[in-house]
Amino acid sequence: MTADAPEITSVAIPPSLDEAQKGTSLWKDAWRRLRRNKLAIIGLINFVLITLFCLIGPYFVPYQSGEQARSLQSCRPMEPIYARIQERKGKIVRTDFIPESKILDENAFITVSKEQRDAGLAQLKRGEPLKAGRYTYQISARKHLLGTDALGRDLLVRMMHGGRISIGVGLAATAVSILIGVVYGAVSGYLGGNLDIVMMRIVDILYTIPFTIFVILLMVFLPPSIFLLFMAIGAVEWLTMARIVRGEISALKHREFVEAAVSLGLGRLHIIFRHLIPNVLGSVIVYSTLTVPQVMLLEAVLSFLGLGVQPPMSSWGVLIDDGAKTIETTPWLLLFPAAIFSLTLFSLNFLGDGLRDALDPKSSKD
Amino acid sequence: MPLLEVENLRTSFHTRGGVVKAVNDVSFSLEAGETLGIVGESGSGKSVTCYSIMGLIPMPPGKIEGGTARFNGIDLLKCSVRELNRIRGKRISMIFQDPMTSLNPYLRISEQIMEPLLIHEKLTRAQALKRAIIALEEVGIQDADRRVHFYPHEFSGGMRQRVMIAMALIGHPEILIADEPTTALDVTVQAQILDLIRKRQRDLGTAVIFITHDLGVVAAFCDRVNVMYAGRIAESAKTTDIFAEPLHPYNAALQRSIPALQSKDAELFTIAGLPPDLARLPKGCSFAPRCNRAAPECSVRETKLQEMKPGHATSCTRIQLGEIASLKSSVCKS
C-alpha cells in the first residue's frame, strides 16, 4: 500500500475510523430530525408494511390472483361458504362452493317447508353435513377475508397483486422520472445560456400536451402493455423534476464552492455529477416521495379509464374501477382497494412532508 | 521571462443596464516566487482580473473583450477548457474570499481535498488520502488523519480557510491567486492565515497574486502592488515605493484614509464621492471627479499607464506631464 509512494510513508493511516469519529453528515442530521416527526415515521412504517403485505402476502393466501370460482360470485367479506358435494357410487365427482347468501336458492332448500329449511340451516351451521338428494352440503373451511368479485376471484389476493403493480409502477416510473429529470435539469441549469433556454422550452412544450390525450394516442398506435404505461407516465413526470433540479442548480452554480471546483480544474460533468447533484438530492428525494403517489394516482386514473393495466392483471386502479361499477350491490369491492390506496397515498405524503422538513438545512440544527 | 504576463486585458459584463467595463486595459506581469498585491475598493476590477485569468467569468453575461494572459507560452484567455483544466488546480490555483461557502457542504473534506490529486496526478485514492492528510498537517490542522473525514460544517471559518489553502497548494502550483482570503475571518485568525500563506509560499516557492482592499496587509505581505481603480491600474510599483512615494492621487488618498494613521481628534479622512458607474465611465481619467488634484485636462485626456521610474508606473496625466512633482506631502499632511 505504501510501497509506491515512498516519500510519504511516514504518515500512518489508522486502519478504520469508527462512526463517531467520522463526524455527522447532513444526512445523519436529517435522519435524526425525521425520526422526531411521528407522522412521517408512521407513514414510512406504514408504506413498508403495505409493500411487504403486497410482496409476501400472496404466499399466505390459498388462492391465486386469477383463480375464478364460478359459484362464488360476489361473496361478502368473511361470508360463510358451504360445499356442495356430488357423489356417484361413493366417489366425489364434483364439489361446488355456495356462499351463505345463495344457499337458500339451492334445490334442497327451495322445495322444503320453512321448518325443514331452518332445521337444515341450523344443522349446517353446527358443522354437520346435510344430505339432500344426490348432493351433500357441508360447511367449508374456505373463507374469503375480503369477499370476492363478480367472477368469484378473491379480493384480498387481487389487492395484493394489484398493489405490486401499483407500487411497482409508482416506484419504477418515479425512478425513470428522477433519472431523466435530474440529468436533464442539471445539465440545463449548469451549462445555462442558449442551451438552457432551448432545453427548458422543450419542457414547456411537453407540458402543454394533455396527458390523457397523449396516453390515448400511445394506446391507439401501440399495443397496450405495462411497459407502455411506464413510458407514458415517466414521459410526463420527469418534466417537473427537471424544472426543480434546473432551478436549484442554476442557483447553486454561482456559489463559491462551484467556482472553487472550477478553479481546481475539474471538468463540467465531474462538477455536475459530483458537486452539484448531491446538493439537490434533498429536494429530489422530497419530490420523489410526492411523485410516487402522483404516479400511482395517474396509473389508477388510466386504469379507471380502461387505458392502463389490462386484465387479467390487476392494479388498485383497476380494482377501484371494478368496485365503483357495482357500488350498490357489492360496496366492499370499492371500499377495500380504495382504503389501502388512500392509506398508501397518505403514508407517502406524510413521509414526503417529513422529509422536506428534515432535509431543509434552514430548519434548526438541534 | 515573467511567469505570467497579462496584457491589455479587457473584461466586460453585458447587462440590461449597459456594458459594464469591469476590467479595462489591464497589463501586469508576475515573476516566479514573487508576491503581487492588487489593491482597490469594491468594484475596482481586482477580482474580475483574476477570475478572467482563471476562466471563472460566467459567460454570458461576462465577456473577455481582448488581451492576453500568457502563462508558459499558453494564452489562458484563448486556450480550450480542456487545456485550461490541465493548468487550473495544478499549476495555478486559487483561494476564495469566504471559506464558509467555498467548500461543498455535502462532501467530506477528504473527498474535496483529494480531487485535484485524483484528476491531475492520477493518484490512487489511498495515495491521495495520504497526501491530503499531509497537506492538512502542513496547514496546521491537528489530528489531520481523523479530521480529514469531517464535513465542512464541522470546521470553523479559519480552519476551513486552512483547508482551502491546503487544497489549493496540494498540487504545488506555480501561482496561487488569493482573492481576499482574510476578509471573512476575524482579526486574530487573519494574521494566522497570512502567516500560513507566507510560510507555504516560502516552502514551495509559489508566486502569489494577493487581492485585497487592506493596505496594511499589502505593506506586510507584497513585493509589488497594483492599485486599481474603476477597472484600470492607477499605479504600479514596488511596495516600498507605493507607500514612500505615491505617484497617483488615488493611491495617496487611499493611504490618507487608513484610520490607524489619522489623528484621533480629527474627523476621519474619506475620499469624497463614489466610484463611477462602470457602465457609464466618464471621459478621461475615471478618478478625476473625486480627485483633489484634478485639472480641466484630466476629464479630457485618456489615461494610460506610463512608467515614470524603473518599475514605478502611474496613470495620472498630471504627474506624467510633470505638473505635480510629488504627492508625498498630501499623505503626511494630516
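As shown above, the structure is provided for reference.
Presented here is an overview of the structure given in this document. Keep in mind it's a predicted model, so treat the numbers as computed, not measured.

Reading guide: rules and limits
Residues numbered from 1 in each chain as written. Chains lettered and ligands numbered in written order. Predicted model: local features only at pLDDT ≥ 70, side-chain atom pairs only at ≥ 80, totals over all residues. Helix = DSSP H or I, 4+ residues; strand = E, 2+ residues; numbered from the N terminus. Buried ≥ 20, exposed ≤ 12 C-beta atoms within 10 Å, placed from the backbone. Contact = placed C-beta atoms within 7 Å. Pairing = 2+ DSSP bridges. Axes fitted to C-alpha atoms, helices over the stretch in contact; angles between N-to-C directions. Nonpolar A, V, L, I, M, F, W, Y, C, P; charged D, E, K, R; others polar. Parallel < 35°, antiparallel > 145°, perpendicular 65-115°, else oblique. Left-handed = near helix turned anticlockwise from the far one by under 90°. Expected span 1.5 Å × (residues − 1). Bend = angle between axes of the 7 residues up to and from the residue. Core = buried A, V, L, I, M, F, W, Y, C linked by C-beta atoms within 7 Å.

A few words now on the overall build of chain A. Per the secondary structure count, chain A includes 13 helices and four strands. Within the span of chain A, comprising 366 residues, buried residues form 36% of the whole. Excluding contacts between residues fewer than 6 apart, the proportion of contacts in chain A whose partners are at least 24 apart in sequence is 74%.

A few words now on the sheet that holds strand β4 (residues 135–139) of chain A. Residue and element names in this part refer to chain A. The four strands are arranged β2-β1-β4-β3 in an open sheet whose pairing can be described as antiparallel. One side of each edge strand has no neighbouring strand; the edge strands of this open sheet are β2 (91–99) and β3 (130–132). With direction set aside, neighbouring strand axes in the sheet form an average angle of 25°. Two strands pair when backbone bridges link them, and strand β1 (residues 81–88) and β4 are joined in this way by five bridges, in the antiparallel orientation. Counted as the bridge partner of Q86 is Y135 from β4. Contacting β1, β3 and β4, helix α5 (residues 114–126) crosses the sheet at an angle of about 135° to β3.

Taken together, the 38 residues of chain B in the interface contact 28 residues of chain A. Elements that contribute at least two residues to the side of chain B that touches chain A include exactly α2 (81–87), β6 (92–95), α3 (109–121), α4 (125–138) and α5 (144–147) of chain B. Here the side of chain B that touches chain A takes seven residues from α4 of chain B, the largest share from any one element. Partitioning the side of chain B that touches chain A into residue classes produces 19 nonpolar, nine polar and 10 charged.

Here the focus is the packing of helix α7 (residues 193–208) of chain A against helix α9 (residues 226–252) of chain A. Packed helices, taken two at a time, are described by the angle their axes make and the gap between the axes. All names here are of chain A. At their nearest, the axes of α7 and α9 sit 10 Å apart, and the two run at 150° to each other. Regarding the angle of α7 to α9, the classification is roughly antiparallel. The crossing of α7 and α9 is left-handed. Across the interface between the two elements, M200, V203, L206 and Y207 from α7 touch L239, A242, R243 and R246 from α9. Class assignment for the residues of the contact of α7 with α9 results in six nonpolar, no polar and two charged.

The end-to-end C-alpha separation of α9 of chain A is 38 Å, in line with the 39 Å expected for 27 residues at 1.5 Å each. Within α9 of chain A, the axis deviates most sharply at W238 of chain A, by approximately 25°.

A166 and I209 of chain B are the most contacted members of the largest nonpolar core, which totals 168 residues. Here the element with the most residues in this core is helix α6 (residues 155–191) of chain A; it accounts for 15 residues. Of all hydrophobic cores here, the second largest spans six residues; its members include L72, I81, Y82 and I98 of chain A.

This paragraph deals with α4 of chain B. Residue and element names in this part refer to chain B. For α4, which comprises 14 residues, the first-to-last C-alpha distance of 20 Å matches the rise-based estimate of 20 Å (1.5 Å per residue) to within 8%. Among the residues of α4, A128, L129, K130, R131, A132, I133, A135 and L136 are the ones counted as buried. At its buried positions, α4 is contacted by α3, α5 and α6 (157–169). Positive backbone phi, at 80°, marks G140, one or two positions downstream of α4.

Residue and element names in this part refer to chain B. Spatial strand order, β2-β1-β4-β5: four strands in an open sheet with antiparallel pairing. Unpaired on one side and paired on the other, β2 (18–30) and β5 (74–75) mark the two borders of the sheet. Bridging between strand β1 (residues 4–15) and strand β4 (residues 62–71) involves eight bridges; their strand directions are antiparallel. Each bridged residue has a counterpart across the sheet, and for R10 the counterpart in β4 is G66.

In the case of a regular strand, side chains alternate between the two sheet surfaces. All names here are of chain B. With five of five residues buried, strand β3 (residues 35–39) lies mostly within the body of the structure. Alternating positions in β3 separate into two faces, T35, G37 and V39 on one and L36 and I38 on the other, with burial throughout. Where β3 meets strand β8 (residues 207–212), five bridges bridge the pair, whose relative direction is parallel. For T35, the partnering residue across the bridge sits in β8 and is V208. Of the pairings in the sheet, the one linking β3 to strand β9 (residues 224–229) comprises four bridges and is parallel in character. Bridging across to β9, V39 finds its partner in V227.

Take the environment of G45 of chain B next. Examined against the element boundaries, G45 of chain B turns out to sit in the loop between β3 and α1 (46–54). Discounting residues that sit within four places of it in the chain, G45 of chain B has contacts with A22, V23, M228 and G231 of chain B.

Right, let's talk about the packing of helix α2 (residues 38–56) of chain A against α6 of chain A for a bit. Residues and elements named next belong to chain A. Contact geometry of α2 with α6 gives a least axis separation of 7 Å together with a crossing angle of 120°. Comparing the axis directions of α2 and α6 gives the class oblique. Handedness of the crossing formed by α2 with α6: left-handed. Residues I50, T51, F53, C54 and L55 of α2 lie in contact with α6, whose contacting residues are M160, G163, R164 and I167.

Everything listed here is a matter of geometry and, on its own, says nothing about what the molecule does.
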